[in-house]
Amino acid sequence: MKTEFSLAQLADPDIAEADKILRACVHCGFCTATCPTYVLLGDELDSPRGRIYLIKEMLEKDQTPTAEVVKHVDRCLSCLSCMTTCPSGVNYMHLVDQARVRIEQRYQRPLTERLLRQVLAFVLPNPQLFRTSMRLARLARPLAVFLPTPRPSATPGLIQRLKAMLALAPNRLPSPGPLPGSVFAALGKKRGRVALLQGCAQQVLAPRINQAAISLLTRHGIEVVLVRDEQCCGALTHHLGNDQDALARARANVAAWRKEAAGEGLDAILVTASGCGTVIKDYGYLLREDTAFAADAARVSALAKDITEYVAGLGLATTTRQDNIVVAYHSACSLQHGQKITGLPKELLSKNGFVVKDVPESHLCCGSAGTYNILQPELAGRLRDRKVANIASVKPDMIAAGNIGCMVQIASGTSVPVVHTIELLDWATGGSRPALNASS
């Protein structure tokens, strides 16, 4: 794709990167076939190719984002299915991230939308505030029936978004998990030492996921530390276009993990929420221009691993065979498209006794996508229903996924138990049987 940035514009490292990305695009349109919003809406501007044209014009002409541009960029899930499909290697992720930042900085959203986005950016990364908000939402949920039915609109309104938030609130919250700074000793001969990302929403909604990871790791000789000064990974605010907040969190985490690694050492930084893992693996890129953090950020990105990547090298000792349990494996977008981890989780489950079934249209997003199921509830609901129907077609006993957002989204549309892959692996190797759903 031909670009027309000026030399002055190209002096900006972000614009130079955008120019490189845009020039890689050959207009082939392969991305449209695997883009969830294009599949649903059939609008070229709701495809990666269409959004690339919109973003190109906005950046080249240094324009203030228009309402039309914002509408189509906001509808993007950042599922990155297009990057898996693209034969030219277009890094759409970094391009749409730039667009979100430009929109956040220069576009004046309606007051109610600005306030909602600020509340989400403030509450979700803070486990204490998020826990309180979930309790309040649970109390308020019966009142949702009294909210007026919103008029059909291209952009969801506040009422529709509030209803979506209330619908996602769990019936009950589990007890909090272990505190930051906790260290879990290896059982038997020590084979390694890792940090385990504590997460934000996950530690409130399903602390059992990390508890299963700790159980499996320590049983296989790995010492696990929950780093004391760790923060939210920044993914939530990053995808809201709040670059300053996201980068500040990235720097804080790099500093915390650097200190831990310099102390007793770290073999890896393990992540059980693949949405977080995709961003942490991108810290090296995000902080590439920060001379104080660039080198350490790159090292953190190299240390970061999805939990399945790490346990695959442990030689899991299966003690409980589960040959009669059919598991539908939901491949989270952030795992299959963002981190290019596709077959490994299924192989681990199969080797440890589960009958694993591929889900039709597995490349399509479930509609969770961070805050997407709140900010774009109608599209998210359609994608969830499509995903749940595809899962039901394989008649599973359980659904396994590697991302808490997907687990909550899918569980809201099915009665089939939804569990994390690591919970099943822990169970198969001597741990407890998983609980029945993502919010129990």
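Attention here is on the structure that accompanies the text. Keep in mind that this is a model prediction, so the values were computed, not measured. (Residues numbered from 1 in each chain as written. Predicted model: local features only at pLDDT ≥ 70, side-chain atom pairs only at ≥ 80, totals over all residues. Heavy atoms only, no water.)

1. Focus on the sheet that holds strand β2 (residues 192-196)
Judged by pairing direction, the sheet is mixed, and its five strands sit side by side in the order β1-β3-β2-β4-β5 without closing on themselves. Strand pairing shows two members of the sheet lacking a second neighbour, β1 (183-184) and β5 (304-306), which therefore form its edges. As paired strands, strand β4 (residues 268-271) and β5 are joined by three bridges and run parallel to one another. Paired with Val 271 across the bridge in β5 is Asp 306. The strands that helix α12 (residues 208-219) touches are β1, β2, β3 (222-225) and β4; relative to β3, the one it contacts most, it runs at about 150°. Against the sheet, helix α17 (residues 294-303) engages β4 and β5, with an angle of about 25° to β5. (Pairing = 2+ DSSP bridges. Helix = DSSP H or I, 4+ residues; strand = E, 2+ residues; numbered from the N terminus. Contact = heavy atoms within 4.5 Å. Axes fitted to C-alpha atoms, helices over the stretch in contact; angles between N-to-C directions.)

2. Notes on the pattern of salt bridges
Taken as a whole, this structure holds 28 salt bridges when the rule is applied. Note that Arg 23 and Asp 19 form a salt bridge whose closest N and O atoms lie 3.2 Å from each other. One end of the pair, Arg 23, and the other, Asp 19, are both in helix α2 (residues 13-24), four residues apart, so they sit about a helical turn from each other. With a relative accessible area of 12%, Asp 19 lands in the buried category. (Salt bridge = Lys/Arg side-chain N within 4 Å of Asp/Glu carboxyl O. Buried < 20%, exposed > 50% of the residue type's maximum accessible area, 1.4 Å probe, protein only.)

3. Points about a nonpolar patch on the surface
On the surface, a nonpolar cluster with roughly 390 Å² of combined accessible area is contributed by Leu 143, Val 145 and Phe 146. By secondary structure assignment, the location of Leu 143 is in the loop between α9 (127-140) and α10 (158-168). Using a relative accessible area of 54% as the deciding quantity, one classes Leu 143 as exposed. (Patch = residues over 30% accessible without salt bridge, like charges linked within 9 Å, V, L, I, M, F, W, Y side chains within 5 Å. Areas by Shrake-Rupley, 256 points an atom, 1.4 Å probe, with all protein chains shown as cover.)

4. A word on the sheet that holds strand β8 (residues 398-401)
One open sheet holds the four strands; their spatial order is β7-β6-β8-β9, and the pairing between them is parallel. Both edges of this open sheet fall to β7 (355-358) and β9 (418-420), since each of them pairs with a single strand only. Ignoring which end each strand starts from, the neighbouring axes of this sheet average 35° apart. As paired elements, strand β6 (residues 326-329) and β7 share four bridges and run parallel to each other. Directly across from Val 326, in β7, lies its bridge partner Val 355. Against the sheet, helix α23 (residues 404-411) makes contact with β8 and β9, and its axis sits at roughly 170° relative to β9, the strand it touches most.

5. Brief notes about the nonpolar core
Judged by nonpolar contacts, the single largest core of 93 residues is most densely connected at Leu 217, Trp 257, Ile 280, Tyr 283, Val 311, Ile 422 and Leu 424. The dominant element in this core, judged by the number of residues it contributes, is α12, at six residues. By size, the runner-up hydrophobic cluster in this structure holds 25 residues, among which are Ile 21, Val 70, Cys 82 and Cys 86. (Core = buried A, V, L, I, M, F, W, Y, C linked by side-chain atoms within 4.5 Å.)

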